[in-house]
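Chain by chain, the residues:
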Amino acid sequence: MPEVTSQTRVFALVGDPVFHSLSPTIQNAAMADLELDGVYVALRAGAEEMVGFMKGLARSGGGGNITLPHKEKAATVLDVSSPAVKRTGACNTFWLRDGKVHGDNTDVEGFSRALEGFLGEPPEGLKVLVLGAGGAARAGLVALMDGGAEEVRLLNRTQDRARVVARRIGGARVRVVDNIRELDGKAFDLVVNTTCLGLQPDDPLPLDLERLKQVGGVMDLVCRRGASPLVEAARELGIRATDGSEMLIQQGAAAFECWWERKPSLRVMRAALERGQRR
Ligand code: NAP
């Protein structure tokens, strides 16, 4: 990393918890690679501090990312919201331009690029089961709708939350699963896990895949050292599966472009993530 000086732009991941995050490792590696004068840190913040951190970091010429549980609140702090923020009601990236705090939700682009890399093509015409209805589900749904998915079923522990998300984003192509038994014997081209289940070692699986008649592929947004439990379970059943690592890289690369108006090296970012996951 270049020397930190009074000119250095400061970026931060703001949320709670943040200390497990590999975003600082990835972003600092990408900035060092291009010899940019910036530093990226993680700041644990409750809802009250988050607003001050966001405005302060942006106005000082830096910016950052927002993670759970603050992405929805962050969307209300912005002077200028990207289309992805307006559609999802969530913001994960912020910065200053022309004296105004701008925000984007690069989880949409990150999900879309990672999914297309996994499938080898856009999700056009696919039948998809999405598990979860939080911020990541909103981003995934926008990407699936824009990518031309034919039908999305949304399963969430809290059904009302799923209904709100389906109404906001889905339209006729998204339907909420009222009872898990509705899924028995159904076939899906793709199952996407956007719940937090799998982050902690003793979490249950978000879904028993054997309930379903057939699954074409599994994308788990959980990102941790080694394969996630859902990815392992899928592979044991002979189903192609990927975890959230590539989405983490792609949403981070899209954020980097918002801050620096330059493309980072994905190769450098992936290598940094691998190093961080080995530690
Ligand atoms: P969030 O808004 O807090 O949503 C959490 C989701 O998980 C909700 O659907 C929640 O259901 C569900 N959930 C939590 N605990 C559960 C439990 N014990 N049983 C069943 N469901 C449970 O969080 P988020 O921002 O969407 O993030 C969700 C996950 O996506 C996290 O693992 C995060 O790390 C991951 N993510 C990854 C990337 C990436 O780049 N790879 C980017 C964004 C997010 P309820 O509505 O019922 O509470």
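The structure presented is a predicted model; accordingly, all values stated were derived computationally and were not measured.

Visitor: Quick one: what's the story with the site of the ligand, residue by residue and with numbers?
Guide: Surveying the vicinity of the ligand reveals 23 residues, the closest of which are A136, N156, R157, T158 and R161. One of the backbone N or O atoms of A133 is found 2.9 Å from an oxygen atom in the ligand. A distance of 3.1 Å is found between a nitrogen atom of the ligand and a backbone nitrogen or oxygen belonging to L221. Within the complex, 81% of the 920 Å² of free accessible area of the ligand lies under protein. For the shell around the ligand, the leading source of residues is helix α9 (residues 245-260), giving three residues.

Visitor: So what about the domain arrangement of the protein? Which residues, and what values?
Guide: For the protein, the assigned domains are domain 1 (9-104 + 252-278) and domain 2 (108-243). Between the C-alpha centres of domain 1 and domain 2 there is a distance of 25 Å. Tallying the contact residues gives twelve residues for domain 1 and 14 residues for domain 2. In terms of surface lost to domain 2, no three residues of domain 1 exceed R87, T88 and Q277, which account for 50% of the buried area on that side. Counting across the interface, domain 1 meets domain 2 through two salt bridges. R113 is the salt-bridge partner of E257, the closest N and O atoms lying 4.0 Å from each other. Here domain 1 is connected to domain 2 by six residue pairs in polar contact (both at pLDDT 80 or more). Residue assignment for the side of domain 1 that touches domain 2 shows that the elements contributing at least two residues are α4 (83-88), α9 and α10 (266-278).

Visitor: Outline helix α7 (residues 159-170), listing residues and values.
Guide: Burial in α7 covers these residues: A162, V165, A166, I169 and G170. With its buried residues spanning 100 degrees around the axis, α7 presents them on a single face. Every exposed residue of α7 that faces more than 90 degrees away from the buried side is listed here: D160 and R167. Against α4, α6 (135-146), β8 (151-155) and β9 (174-176) lie the buried residues of α7. Directly beyond the C-terminal end of α7, a positive phi value near 70 degrees is found at G171.

Visitor: Provide a residue-level description of the sheet that holds strand β11 (residues 190-193), including the pertinent values.
Guide: Whenever strands of a sheet pair, they do so through backbone hydrogen bonds, lying parallel or antiparallel. A sheet is described by the order of its strands in space; here six strands give the open sequence β9-β8-β7-β11-β13-β14, paired in parallel fashion. Unpaired on one side and paired on the other, β9 and β14 (240-242) mark the two borders of the sheet. Pairwise comparison of adjacent strand axes, ignoring direction, gives a mean angle of 20 degrees for this sheet. Two strands pair when backbone bridges link them, and strand β7 (residues 127-131) and β8 are joined in this way by five bridges, in the parallel orientation. By the bridge assignment for β8, V128 is matched with V152. Contacts from α6 reach β7, β8, β9 and β11, with the element oriented near 170 degrees to β8. On top of the sheet, α7 reaches β8 and β9; it is set at about 170 degrees to β9, its chief contact.

Visitor: Describe unusual backbone geometry, naming the residues involved and giving the relevant values.
Guide: The omega torsion across D16 and P17 is 5 degrees, close enough to zero to call that bond cis. With an omega of 10 degrees, the peptide bond between L68 and P69 qualifies as cis. Structurally, P69 is set in the loop between β3 (63-66) and α3 (71-75). Residue E35 is not a glycine yet carries a positive backbone phi of 55 degrees. Topologically, E35 is positioned in the loop between α1 (23-33) and β2 (38-44).

Rules used in this analysis
Residues numbered from 1 in each chain as written. Predicted model: local features only at pLDDT ≥ 70, side-chain atom pairs only at ≥ 80, totals over all residues. Heavy atoms only, no water. Near = heavy atom within 4 Å. Polar contact = N/O pair within 3.5 Å; in protein donor to acceptor, adjacent residues only side chain to side chain. Areas by Shrake-Rupley, 256 points an atom, 1.4 Å probe, with all protein chains shown as cover. Helix = DSSP H or I, 4+ residues; strand = E, 2+ residues; numbered from the N terminus. Domains from an automatic or database assignment. Contact = heavy atoms within 4.5 Å. Buried area = accessible area lost by both parts, 1.4 Å probe. Salt bridge = Lys/Arg side-chain N within 4 Å of Asp/Glu carboxyl O. Buried < 20%, exposed > 50% of the residue type's maximum accessible area, 1.4 Å probe, protein only. Arc of directions from axis to C-beta. Pairing = 2+ DSSP bridges. Axes fitted to C-alpha atoms, helices over the stretch in contact; angles between N-to-C directions.

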